[in-house]
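So the chains spell out like this:
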Amino acid sequence: KAGVTQTPRYLIKTRGQQVTLSCSPISGHRSVSWYQQTPGQGLQFLFEYFSETQRNKGNFPGRFSGRQFSNSRSEMNVSTLELGDSALYLCASSLAGESFNEQFFGPGTRLTVL
Amino acid sequence: AQKVTQAQTEISVVEKEDVTLDCVYETRDTTYYLFWYKQPPSGELVFLIRRNSFDEQNEISGRYSWNFQKSTSSFNFTITASQVVDSAVYFCALSGSGGYQKVTFGIGTKLQVIP
C-alpha cells in the first residue's frame, strides 16, 4: 500500500509570492490534516479536511488555506508569503479523522521563503 | 485548550542505556487519546502507540514501554537497552473528544544514542 505522498518536496519562494502544496493520502483514507513544523514551535496544526469539508482549523492567519478533492487529495495554499512561513509542511492522513485514529505522515514539503 | 509539554528537548545516552522520555498533558476533556510518534532523521513521522483516557494499563512492546498516569497527567515513554537506530525526535501528542481530529503535539524530544 502506497504511503502518503507530498509534492513538491522542496520549494524556494520569495516574500509576497504564493505557493500551493499537494498531498495524496493513503488509499481509502478520507481525512487529511496539515501541520507546520518549525524548530522553535514543533508541529502546529493548520487544518483538517474530511470529505471535501474543512472540519477543524488551527490558529493561523487567513493567508493559509486549503481544500480537499473528491478523491481525498488535498492542497494547501499560502498567499503573500512571509519569511516566517519557512518551515516543513507535513500532511497526515487517517482513515476517518476520528479522535482515536492514528495518523500516517508524508515526508513533508520544505518551504524556504527568501 | 489542550497542551502537551515535553520538557526534555534533547537527550544523549550511550548505547544500551535505558532512557525515559517525559510527556505531560493538559486537557479539559474526559475522553481523550494520547499518542507517541517517532521522527527519524529521514523525516517521516511514524506512529508508535495510542492510549485512550480510560485505559491506564501500561504497555510493553519489545524494548519500548509506556507508562500512563492520569493522576499526574503523564504519558512517559521508556526505551530499554537503547540502540543507535533509536536516534530520532519523539513526539507526544493529544487528541481530544468531539469526534473530529485536532491533534496537539509536544515540541518533541531529540534522542541521540551514542555508540
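Residues numbered from 1 in each chain as written. Chains lettered and ligands numbered in written order. Predicted model: local features only at pLDDT ≥ 70, side-chain atom pairs only at ≥ 80, totals over all residues. Heavy atoms only, no water.

Section: the side chain of S93 of chain A
Residues and elements named next belong to chain A.
And then number 1: Relative to the assigned elements, S93 resides in strand β9 (residues 87-94).
And then number 2: Judged by its relative accessible area of 0%, S93 is buried.
And then number 3: Within the structure, S93 has its side chain in polar contact with the side chain of H29 (distance 2.8 Å).
And then number 4: Contact partners of S93, with chain neighbours within four places excluded, come to V4, P25, I26, H29, S31, V32, E102, Q103 and F104. (Helix = DSSP H or I, 4+ residues; strand = E, 2+ residues; numbered from the N terminus. Buried < 20%, exposed > 50% of the residue type's maximum accessible area, 1.4 Å probe, protein only. Polar contact = N/O pair within 3.5 Å; in protein donor to acceptor, adjacent residues only side chain to side chain. Contact = heavy atoms within 4.5 Å.)

Section: the environment of E15 of chain B
Residue and element names in this part refer to chain B.
And then number 1: Of note, E15 is situated in the loop between β2 (10-14) and β3 (19-21).
And then number 2: For the pair formed by E15 and G43, sequence separation is 28 residues and the distance between their alpha carbons is 22 Å.
And then number 3: Not counting chain neighbours up to four residues away, the residues in contact with E15 comprise S82, Q83, V84, V113, I114 and P115.

Quick word on the interface of chain B and chain A
And then number 1: Contacts between chain B and chain A engage 20 residues on the former and 26 residues on the latter.
And then number 2: When chain B packs against chain A, close to 2000 Å² is buried across both sides, 51% of that on carbon and sulfur atoms.
And then number 3: There are one salt bridge connecting chain B and chain A.
And then number 4: Close ionic contact of R50 of chain B with E102 of chain A constitutes a salt bridge, the shortest N to O distance being 2.6 Å.
And then number 5: Where chain B packs against chain A, one counts four residue pairs in polar contact (both at pLDDT 80 or more).
And then number 6: Per-element accounting of the side of chain B that touches chain A gives the leading share, four residues, to strand β5 (residues 32-39) of chain B.
And then number 7: A per-class count over the side of chain B that touches chain A returns ten nonpolar, seven polar and three charged. (Buried area = accessible area lost by both parts, 1.4 Å probe. Salt bridge = Lys/Arg side-chain N within 4 Å of Asp/Glu carboxyl O. Nonpolar A, V, L, I, M, F, W, Y, C, P; charged D, E, K, R; others polar.)

Let's talk about the side chain of T38 of chain A
And then number 1: Take T38 of chain A: it is sitting in strand β4 (residues 31-38).
And then number 2: Excluding residues that lie within four positions of it along the chain, T38 of chain A makes contacts with S86 and A87 of chain A.

Examining the nonpolar core
And then number 1: Counting 23 residues, the largest nonpolar core has W36, F77, Y90 and L111 of chain B as its most contacted members.
And then number 2: Within the residue set of this core, elements represented by two or more residues are β2, β3, β5, β8 (64-69), β9 (74-79), β10 (88-96) and β12 (109-114) of chain B.
And then number 3: When residues of this core are assigned to their parent elements, the largest contribution, four residues, is made by β10 of chain B.
And then number 4: Membership of the second largest hydrophobic core comes to 21 residues, among which are V4, F60, A87 and V113 of chain A. (Core = buried A, V, L, I, M, F, W, Y, C linked by side-chain atoms within 4.5 Å.)

What to know about the pattern of salt bridges
All names here are of chain B.
And then number 1: A complete count under the given rule lists nine salt bridges over all chains for this structure.
And then number 2: Linking E59 and R51 is a salt bridge whose minimum nitrogen-to-oxygen distance equals 2.9 Å.
And then number 3: For E59, a relative accessible area of 30% corresponds to the partly exposed category.
And then number 4: What makes R51 buried here is its relative accessible area of 7%.

Brief notes about the state of the cysteines
Residue and element names in this part refer to chain A.
And then number 1: For the structure shown, the criterion picks out two disulfides over all chains.
And then number 2: A sulfur-sulfur distance of 1.7 Å marks the disulfide that ties C23 to C91. Taking the sign of the S-S torsion, about -50° here, the bridge from C23 to C91 comes out left-handed. With C23 in strand β3 (residues 19-24) and C91 in strand β9, this residue pair connects regions lying 68 residues apart in the sequence. (Disulfide = S-S within 2.5 Å.)

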